[in-house]
Structures are given as structure tokens and as C-alpha cells.
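Descriptive structure summary
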Amino acid sequence: MTTTRKNTNIFFILSFCFLYIFINIVYFHPFSHNFEHTIFMPGGDQESFIWFIKWWPYAISHGLNPFIARYIWSPSGFNLTWATSIPTLSILAAPLTILFGPIFSWNLLSLLAAPLNAICAFLLLRYLYKNNFAAFLGGYVFGFGSYVMGQLLGHLNLDFVCLVPLAILLFVMSVKDDINRYYFVIIMAFIIFLEAGISTEILATSTLFGFISIAVFVFLQNVARKKILVSALYLSISYVLAAILLFPFLYFLIKGFSGVPKIINSPTAYSSDLLNYIIPTPVTRIGRSVFSSIASRFTGNYAEEGAYIGLPLLLFTSFAIRDYIAEQKRTGIALFIIFIVIIVFSLGPYLQVNGVNTHVIMPWTFFTHVPLIRGALPTRFTNYVSLMVAIFVGFWLSTQKVTKKRYMAAIASIVFIIPNISIYNWGGQHVPSIFTKHKILAGSNVIVLPFGYTGPSMFWQLESGMSFNMVGGYVGFSPLPFRRLPVTSDLFSGIPGGNFNDLFRAYCSQFHVKYVVVCHNTPASLAKAVKNEGWDSKEYGQCMAYHVPSHMKYYVYSGNVWGSYDRYGWIGKNVILKTQNEPIKIILTGQFIPHGAPNVKIRLYEADGKVIKKTFIPGKKQSLAVNMRGVKRIYISAGNTWIPKNIIHSGDTRKLSVSMKIEKQR
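Below: a short report on this structure. (Residues numbered from 1 in each chain as written. Predicted model: local features only at pLDDT ≥ 70, side-chain atom pairs only at ≥ 80, totals over all residues. Heavy atoms only, no water.)

With that out of the way, let us pick up the state of the cysteines. Scanning the model with the defined rule gives 1 disulfide in all. Residue Cys17 stays outside any disulfide, its sulfur separated by 8.6 Å from that of Cys120, the closest cysteine. Not part of a disulfide, Cys508 finds its nearest cysteine sulfur in Cys519, a span of 15 Å. (Disulfide = S-S within 2.5 Å.)

Dropping the structure here:
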């Protein structure tokens, strides 16, 4: 290739890259906002990501373990390998964060996501088809498609998917012997390493679909089969090398596995509705109003309803598939099979049509039982669907039969996926003066209300200069020590449950809380419950700071407990009760166990070694009463349990034993 031709190619590549950036500027008008103080798409998820952007350089520069953040869910902290903590993006943006602040970095990273996705897809398609204009349009389909535009509503870990087409590009280059094997292994390992620090979910699902794609091509290809297998072998070496580089990350990932809920988000709720592929949501500009009644029935939320391709682009894709199979039969069939597999998997465990779960079992049901991958949400597989559509678009616009009419048809089809820019907004976040102007909270464990994802507490802590430790946070799920306690649910819901004040005092004592800060927008019932404690307090603008006494009377229970215990509630397999100078009587009964359930054997262990055993017969009004005084701990263990759905058609799958009621003694 001559120097002139190389320069021309570089010019075209850069021109198309800048064109993607220009489109992004037209869509979002970034220069009309203050990047350091105005937040692109302000909200709970976004403010947590801003916290993460700040955290990694902050932790490293302060000599802290960046994987365990003890500033949130204090004092135990949170294992950030199980959060969407984006260490890759945070560290890459660290110089900008240090100079201009984490809001600036959030805004820049968010607005770079779509153009970078498009640019990387463009490079893949340009390599495959040697046609700049075809690659440009295909790159737009991937970079600015419904999936990315939906995730751009606040999910930086999911809208930043530029490494996926780059990984495919490298693998294809390896198969075609266009890259040195040594460089392939090193670069691919680096891509895997970087993706692990952006989204472990995307890494896991891209690995799954990559394996499926390789298997399909190996089965269908004769000539290239050996080369594909050799490249797959080198790819496995890249994974091993990446695992070595990721050793600290993987160590804490494995270490924290036991505390992760079996299911964080329902794969059924977050599956693609079949109609979503042809029905736009409010994320799309054209058709969103006409079909709003249908789109409103899709499960999940707008950010997670990214399946929309539209009939025009689907029709265009079908013609491309037809011609691909006609011209390159085995490759075309392989790509078509992969395309269909991804679509079918995106529909989740059960087929949903028009918002209705048809209960038709789909293939993804199998993967809901596979460790790690079972947590992936099927609706996010539409990321790979849009990449497949981009590949087909690129092919059909680069064949010898291509005409201007075909280009016009492609552009017209793409118009139907143009995003609805009106749903994206910029805004600020008011920070109460207690977090910025006063030092009262410095170095203390603090509960901030509104709690967790119901308020901007993560952002307020960030703006305080990380001056206090927060008992709470918004990082995905609650750690196990907190998740076991009913108070955590009460704080999230804003509705104090039965015996809230006793349990709340115990909660504050257990987690060494020094202050409870109640700010505006805290649910009235929760704010009143805290006020009723009668603790010393002081007002700071729109917030009230309550000082938690060092000595309190309370009782607390944890384990398998449900209900309000000033009345009878249910317990399950194991329960622990503790009193702190609060005399109580525990009453256990089997009278509410439905007929048909087994007899339940209960063992009650007291701290002094005394063991009380009793068998409860379903429906019998027999009971067991135990008094607790002073500082005491009791363990209740059920020898067997029963599940409501086996007795009555309630859909309840909890393992229950007997009912429990707690009475305060005067």
C-alpha cells in the first residue's frame, strides 16, 4: 500500500470517527452545560457511578484497599467486585477526575460511550467489507441503537460496550492470519482485563456468545475450521493471561461470592418482550407516541427495553441474510444461526408477548441454574443483536450489487431508530450544608435518610470529601449482615415496621452509628419514627442531625423472620434474638400452621447452655413462652420446615416453621 493510499485511508477513518462525535454533539448539546457541576441524566444510578469514578483514584492515593469500600455499608464495608464499580473507566479518567472532579468525568465518559461504540463497530465492519460508507452506517446501528440509547439513561457499565466489536475484530484477524499470534494473545488479554473492570456481566455474556459463535463456525466451516480452532486455543491463553492480571480482582470476587443474593434482579422481569423488536419505547423518536399503550406493558424499564430494531431495519436485515447465504453459504448460515440464538436467549426463561408471560419455556431457562451467568439479564443480550444487525447492514451495503437505492433504503431504515433526545436531561444536585460546611459528621458512622437508592446519600458523602462513613449506600444489593435485618428493608421502604424503634436502636448499636441525619424528602412516617426516639438533635438547614446515645435499651432479632412481632409473625429455619436490658417474652405457637403441614420440631438454645425442645402440631393452640431479661441471647432452630405453596395455592416459596410473637415486659 502506497503512502498516499495509507494517508487517504487514515483520513477517511478519522473523518467518520469525528462524524460520530458530531452526531453525538447534535443530539446532546454538551457544550451548553457546565461539565464540572451539571450532571448528565441526574439520578440514583448516575450518582453512584460518580461515586465510583471518585472512589478508585481516591482509595489508591490514600493507601486504601480499593476492592473493599468501608466508607459505605460501614463498618463491614462493601465488596466492590460485586458492584458495577467500573474500575477501568474510573482509573482511565483519574487525571480528569483529579483536575476537574468526578462529575466532569461522568459527563465525558457518558457522552463518549455511543461514539466509541460506533467507532469500534466501524473498524470491525471496515475490516470485514472494505467499504467505509457501509461500515459507517453499520457502526451507527450498533453505537446509537436502542440498546445503547436505553442504557445511556444511567448505566455507564452497560452503555460502554466498545470492546465487544474490537474483540471480534481481533479474533477474525487471527483466523485470517492478519495479526501476529503473540500480539493477538497480548492485546486480547488486555481487552478482557479492561472489560472485567467495566462490566463483568458483559464480559461473561460476550464470552458465552463468543463460545457459541466459535462452535457454530467450527461445525459449519470446512476450509477455515483448523484456523478457527487454533485462534480459539490462543484466545483461551488470553483468558488465562487476563486471569493472572486480574488475580486481586478475582480473589475478592470469589471471597465475596457467599454474600451475594442468588438472584439480584429477576431474569423474567428483565427479558425482552417479543413485540419490543418491532415496537418502539419512549427511547426512540419515531413511533413512541403511536405505540405507547403497547410499550407501557413491557416489563423492566425504558433503560432495559433495548430490543427495538423496527420493521424497516428488520426487513433490510432479512434481505442481507438472504444474500449473505446466497453468496457465502456457510458463513451466512452461521451468522444467521448466531443471530437467531441471541434473539431467542434475549427473550428470557419464558416467552413474553405484549407484556404477558405466556409461560412458554425458552432455552434461557437452563442458564438460570448456571452459577455466575444466571445473574445476567436477557434483555441486555440485545446489545449483541444490534451488533449482528450492524454486521448484516455492512455486508449488504458493500456487495457488488449495491446501488444508491439500497443506500437510501438503509438510511431510511436507520431513521426509525433515531433516539428521542427529549428524555435525556441535565441537572444539578443540591447538597445540604451539613455535608459541606459543618464538621459534625467527620469520622463518624452515619445513617443518612432518605436511605440508599431512595435518595442521593452517595453523592452527599462524595461532596463531603468522604469525611464520614455511611451505614448504607446504593451499590446494587445490601451486604449480608444488613440484609438479614428487617430494619434495612424499613429504611429502604420508608415505612417503619412493627417494633421498629427497638430494632432500630439495636441496628444503630450493632453498626456503631453515631448520627442519624434526616433530610428533606425522607418519608414522613420514617422521619417521625426517628424523632420519637427523643435523641438530642440539631437542625442544619433542611436536615436534622440526631445524636445516637452510647447506651440504649432494645431487643433485636435476625435470621429467617417475617412479619410484625407485636402480633404473630412467621419464623423459618433459624432465628437469633438478643436483648439489651429490654425485658421481653417470646411466645411460639403452631396454631397457624395449616393442616397438611408436618409437625414442626423446635429447639431453643439459651446462652447458659439450657436447651428447650418442643414439637408443634398444625392447628393446635399449644405454645411455648420464654422470658428474656438483662443482656441475653437465644437461638431458635427448627428441625423441619414447610413451604406454603405445598399447602395452599399462594405462590409463597419461603420455608416456614412456627409463628412468633414478642411482648415487652414492664
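A separate point is the environment of Leu108. With respect to the helices and strands, Leu108 occurs in helix H5 (residues 102-129). Along the chain, Leu108 and Ile593 lie 485 residues apart, while their C-alpha atoms are 58 Å from each other. With residues near it in sequence (within four places) discarded, Leu108 still touches Phe35 and Leu96. (Helix = DSSP H or I, 4+ residues; strand = E, 2+ residues; numbered from the N terminus. Contact = heavy atoms within 4.5 Å.)

Okay, the pairing of strand S19 (residues 659-664) next. Pairing analysis gives 2 bridges linking strand S13 (residues 569-580) to S19, with the strands arranged antiparallel. Its bridge partner being in S19, Trp570 is matched across the sheet by Ser659. Pairing between strand S14 (residues 584-589) and S19: 6 bridges, direction antiparallel. In the sheet register, Leu588 faces S19, and the bridge partner there is Met660. (Pairing = 2+ DSSP bridges.)

Alternating residues of strand S15 (residues 600-606) divide into Val600, Ile602, Leu604 and Glu606, all buried, and Lys601, Arg603 and Tyr605, none buried. Where S15 meets strand S16 (residues 611-616), 6 bridges bridge the pair, whose relative direction is antiparallel. Bridged to Val600 within S16 is Phe616. The turn joining S15 and S16, which pair antiparallel and follow one another in sequence, is formed by 4 residues; a positive phi near 100° is taken by Gly609. Where S15 meets strand S18 (residues 631-638), 5 bridges bridge the pair, whose relative direction is antiparallel. Looking across to S18, one finds that Ile602 is bridged to Ala638. (Buried < 20%, exposed > 50% of the residue type's maximum accessible area, 1.4 Å probe, protein only.)

In space, the 5 strands of this open sheet follow the order S8-S7-S9-S11-S10, with mixed pairing throughout. Only two strands of the sheet have a single partner each, and these edge strands are strand S8 (469-470) and strand S10 (537-540). Examined bridge by bridge, S10 and strand S11 (residues 543-547) share 4 bridges and lie antiparallel to one another. Across the sheet, residue Tyr540 finds its bridge partner in S11, namely Cys543.

Note that all results are geometric; they support no functional claim without further evidence.
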